[in-house]
Structure formats: structure tokens, C-alpha cells
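# Report on the structure
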Amino acid sequence: MTGSQRAARVIAVANQKGGVGKTTTAVNLATALAACEQRCLLLDLDPQSNATTGLGLERPKAADSIYAGLIQGRDLAALTVKTKVPRLELIPATVDLAGAEVELGQEGEGREARLTQGLASQRSVYDYILIDCPPSLGFLTLNALVAADAVLVPLQAEYYALEGLSHLLRTVERVKRSFNADLEILGVVLTMIDRRTSLSEMVEADVRAHMGNLVFETSIPRNVRVSEAPSHGLPALLYDLSCQGSQAYLKLASELLRRESARVAA
């Protein structure tokens, strides 16, 4: 399966709640897919730029970031940089991206489709394009949802998990009705699972009962090595391949590829 054979599958990694492992999932899932010989592009759409620095790259100037693509219409291919991971490339973010929320809000018709237009020429280059969305449901996330084929939702195993998930699912339905009828929920991945606590198990059971097969079988454990990796500018899979977190992301990538193969075959 290569980019020359089909258009890239565009996946928005989204959750309006912060601290759920969204960027960690975007970075490490992209790395794991690349390790599975998929050509991947990770698009950092979060003004915090953690996906950019987590891959060992410095925050660029606004003119060399996704900000320029969204606001100035620059070709996204010119903004793409290589990473330390073979087959994984990145469009970096900068803090200036926070201003894009305001600027897009002042634009007229078509403001929600800026990213869709920018990615059109990139779909033939990659197998997967992952978008790391900001922890909000503003114009940046709206652009991601309009551009995406599917949404992957990282969900922390905590008490209010389902409440936040319901909010996001309602947003996805609104986007489907108004802008992107083909958008679908790829799945929910449970993150920061701590098997030592009954709370994690209770939340996991609750989420699986409510969401059924939409929840990935693979869950991501709370893992110190995964938490340490960004401070070294490395995905967990390069920092410590043998740790539980890295192995979980490899399993998640394999499960995602199996789901995608089944979808294409259906």
C-alpha cells in the first residue's frame, strides 16, 4: 500500500480536553505507522507545537509553519520537513498559530476549508496524514475535521471521560451535516491506563459498554518512558522501543492497519 496506489487517509487526532495524551498519541502512532512501512505526514495544528518539539525540531518562524499555509496560502509541500524517523515527515507549528484562530474567525466564506485545499496536493504523496489538533473546538480543529476522512479520539481513563467524548461526537455530527458528509469516527483509544487502580478498569469498561467496537482493543498504559521521551526530542519508539508504551503504540498501529484493510475490502 503506497501513496501512488491510493490517496492518503487523513486522520484528525482530536479531543477538546487537554492532557489526554493527544499529542503523544499523534506523534507515536505516526512513528509506529512509519515503522510499519507507511509513508506518513504529521501535521502539527496545535499552537503549543508539542508535536514539533517532540520530534526533535525547533519551532520555526511563522513563515515556515502551518500558519503560513492556512493564512497565507503557502504550498504545504514547501513547509514539510523530514524527521529522524524514516518515512515520517512533519509540517511544524509555531505559537503564531494561536493568531490563526482569530484571523480565521474574521474570514468569510470558505474559512473552514483552508486546510482541505492545502492538503489536496499532498494526498498522493503519503499513505497516512495525521493531524494533531489543539485541545479546543475552534476554527483550527474545524479545519482539521473538514479536511479529515476520520477522527481518532484519545480518551484518558478518568471519571469525566464520557462527558467530554459526547461533546466531541456532537461536534463531529455537526461538521458532517454542514461541511464534510464523509467524516467518520475511526475509533477511540484509551490512554494513560493504570492497571493498579480500579478507576481505570471501571472507566474502560464503561467506555467499551457505551462505544462498543469503536473502542480500539489496544489501550495505552501510563508509562514513564513515554513521558520522558519528548524532553529528549524523540518519539517514545526511538527513545525506548522496548518499554510498554512503545509496544502499545506499535500494537495500535497494527490494529489500525487491520481496520483500514477491512474497511477497504468491504
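A brief structural summary. These numbers come from a predicted model, not from an experiment.

### Considerations on a nonpolar patch on the surface
Taken together, the side chains of Tyr159, Tyr160 and Leu199 make up a nonpolar region of the molecular surface, amounting to roughly 400 Å² of accessible area. Along the chain, the position of Tyr159 falls in the loop between strand E6 (150–156) and helix H8 (161–178).

### Quick look at unusual backbone geometry
With a phi angle near 70°, Glu37 is a residue other than glycine that sits in the positive phi range. Structurally, Glu37 can be placed in the loop between helix H1 (22–35) and strand E2 (40–44). Judged by relative accessible area, Glu37 falls into the exposed class, the value being 60%.

### Points about the packing of H8 against helix H9 (residues 198–211)
Running from amino to carboxyl end, H8 crosses H9 at an angle of 30°, the nearest separation of the two axes being 10 Å. Judged by the angle between their axes, H8 and H9 are roughly parallel. Where H8 crosses over H9, the two elements pack in a sense that is right-handed. Taken together, the residues of H9 that come into contact with H8 (itself represented by Ala161, Leu162, Leu165 and Leu169) are Val203, Asp206, Val207, His210 and Met211. Here the contact of H8 with H9 is composed, by residue class, of seven nonpolar, one polar and one charged.

### Describing the pattern of salt bridges
Where charged atoms of side chains with opposite charge meet at close range, the side chains can pair. Evaluated as defined, the whole model comprises 15 salt bridges. Note that Glu260 and Arg9 form a salt bridge whose closest N and O atoms lie 2.8 Å from each other. Of the two residues, Glu260 sits in helix H12 (residues 244–265) while Arg9 sits in strand E1 (residues 9–13), which places them 251 residues apart along the sequence. A relative accessible area of 7% places Arg9 in the buried class. Put simply, Lys17 and Glu158 hold a salt bridge, and the shortest N to O gap is 2.9 Å. Placement of the pair is Lys17 in the loop between E1 and H1 and Glu158 in the loop between E6 and H8, with a sequence separation of 141 residues. Judged by relative accessible area, Lys17 falls into the partly exposed class, the value being 32%.

### Observations concerning the sheet that holds E2
Strand order in the open sheet made by the seven strands is E3-E4-E2-E5-E1-E6-E7, with mixed pairing throughout. Only two strands of the sheet have a single neighbouring strand rather than two, namely strand E3 (81–82) and strand E7 (184–191).

### Thoughts on the packing of aromatic side chains
Overall, the coordinates contain zero aromatic pairs when judged by the stated rule. A cation sits over an aromatic face here: Arg259 above Phe216, 3.9 Å from the ring centre.

### A word on H9
For H9, which comprises 14 residues, the first-to-last C-alpha distance of 20 Å matches the rise-based estimate of 20 Å (1.5 Å per residue) to within 8%. Residues of H9 that are buried in the fold lie against E6, H8 and E7. Following H9 by one or two positions, Gly212 has its phi on the positive side, about 60°.

So, how was this worked out
- Residues numbered from 1 in each chain as written.
- Predicted model: local features only at pLDDT ≥ 70, side-chain atom pairs only at ≥ 80, totals over all residues.
- Heavy atoms only, no water.
- Patch = residues over 30% accessible without salt bridge, like charges linked within 9 Å, V, L, I, M, F, W, Y side chains within 5 Å.
- Areas by Shrake-Rupley, 256 points an atom, 1.4 Å probe, with all protein chains shown as cover.
- Salt bridge = Lys/Arg side-chain N within 4 Å of Asp/Glu carboxyl O.
- Helix = DSSP H or I, 4+ residues; strand = E, 2+ residues; numbered from the N terminus.
- Buried < 20%, exposed > 50% of the residue type's maximum accessible area, 1.4 Å probe, protein only.
- Axes fitted to C-alpha atoms, helices over the stretch in contact; angles between N-to-C directions.
- Parallel < 35°, antiparallel > 145°, perpendicular 65-115°, else oblique.
- Left-handed = near helix turned anticlockwise from the far one by under 90°.
- Contact = heavy atoms within 4.5 Å.
- Nonpolar A, V, L, I, M, F, W, Y, C, P; charged D, E, K, R; others polar.
- Pairing = 2+ DSSP bridges.
- Phe/Tyr/Trp six-rings, centres within 6.5 Å; stacked < 30°, edge-to-face > 60°.
- Lys NZ or Arg CZ within 6 Å of the ring centre and 35° of its normal.
- Expected span 1.5 Å × (residues − 1).

Nothing here speaks to function; it is geometry throughout.
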